[in-house]
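# Structural overview for review
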Amino acid sequence: MGAYDRYLERIVKGSLQNYESKFEFTYLTDQDMPTLLGRLSRLPSDTIVLYTSIFQDAAGAHFIDANQSAPMVVGVTNVPVFVLFDVNFGTGAVGGDVISFASDGKIAGQMAVSILNGEK
């Protein structure tokens, strides 16, 4: 996994910590893409997948998250896949509490303009 993938994994693990007594979590990290896809194709029916990101697999192969890895993951699973980012919709994911990159960019741009205009 790449540095950004590991960063998101830490955030998700921290966010889900309070639910560990109610649900079983399995983190399918540190695998190459073929191994991961094989595991995802054989999940129990009472499973959901929370897809974070895969920019790099354990073998060092690089992926474009929304165009390559997310569609591969969604394409092999027989269970619902939830995502974190709006750019991963359209891959077959069923939902999620998503972050909008476009909205975040707009807010960051407005903040930069305010700073450039002299605001602290």
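Since the structure is predicted, the reported quantities are computational estimates derived from the model, not experimental observations.

## Observations concerning the nonpolar core
Met-33, Leu-36, Leu-40, Val-49, Tyr-51, Ile-54 and Val-73 are the most contacted members of the largest nonpolar core, which totals 16 residues. At the level of secondary structure, the elements contributing two or more residues to this core comprise helix 2 (33-40), strand 1 (49-51), helix 3 (65-76) and strand 2 (81-83). No other element matches the four residues that helix 2 contributes to this core. When near neighbours in sequence (up to four residues on either side) are disregarded, Leu-40 contacts Leu-28, Val-49, Val-73, Val-76, Thr-77 and Asn-78. Counting five residues, the second largest nonpolar core, distinct from the first, contains Val-12, Leu-16, Leu-84 and Phe-85.

## Side note on unusual backbone geometry
A positive phi angle, close to 55°, is found at Asp-30, a residue other than glycine. Inspection of the secondary structure assignment puts Asp-30 in the loop between helix 1 (3-16) and helix 2. Classification of Asp-30 by relative accessible area gives partly exposed; the value is 46%.

## Let's talk about helix 1
Along its 14 residues, helix 1 runs 20 Å from first to last C-alpha, staying within 8% of the 20 Å computed at 1.5 Å per residue. For helix 1, the full list of buried residues reads Asp-5, Leu-8, Glu-9, Val-12 and Leu-16. Looking straight down helix 1, one finds its buried side chains confined to an arc of 105°; they lie on one side. Facing away from the buried side of helix 1 by over 90 degrees, the exposed positions are Ala-3 and Arg-10.

The rules we used
Residues numbered from 1 in each chain as written. Predicted model: local features only at pLDDT ≥ 70, side-chain atom pairs only at ≥ 80, totals over all residues. Heavy atoms only, no water. Core = buried A, V, L, I, M, F, W, Y, C linked by side-chain atoms within 4.5 Å. Buried < 20%, exposed > 50% of the residue type's maximum accessible area, 1.4 Å probe, protein only. Helix = DSSP H or I, 4+ residues; strand = E, 2+ residues; numbered from the N terminus. Contact = heavy atoms within 4.5 Å. Expected span 1.5 Å × (residues − 1). Arc of directions from axis to C-beta.

Everything listed here is a matter of geometry and, on its own, says nothing about what the molecule does.
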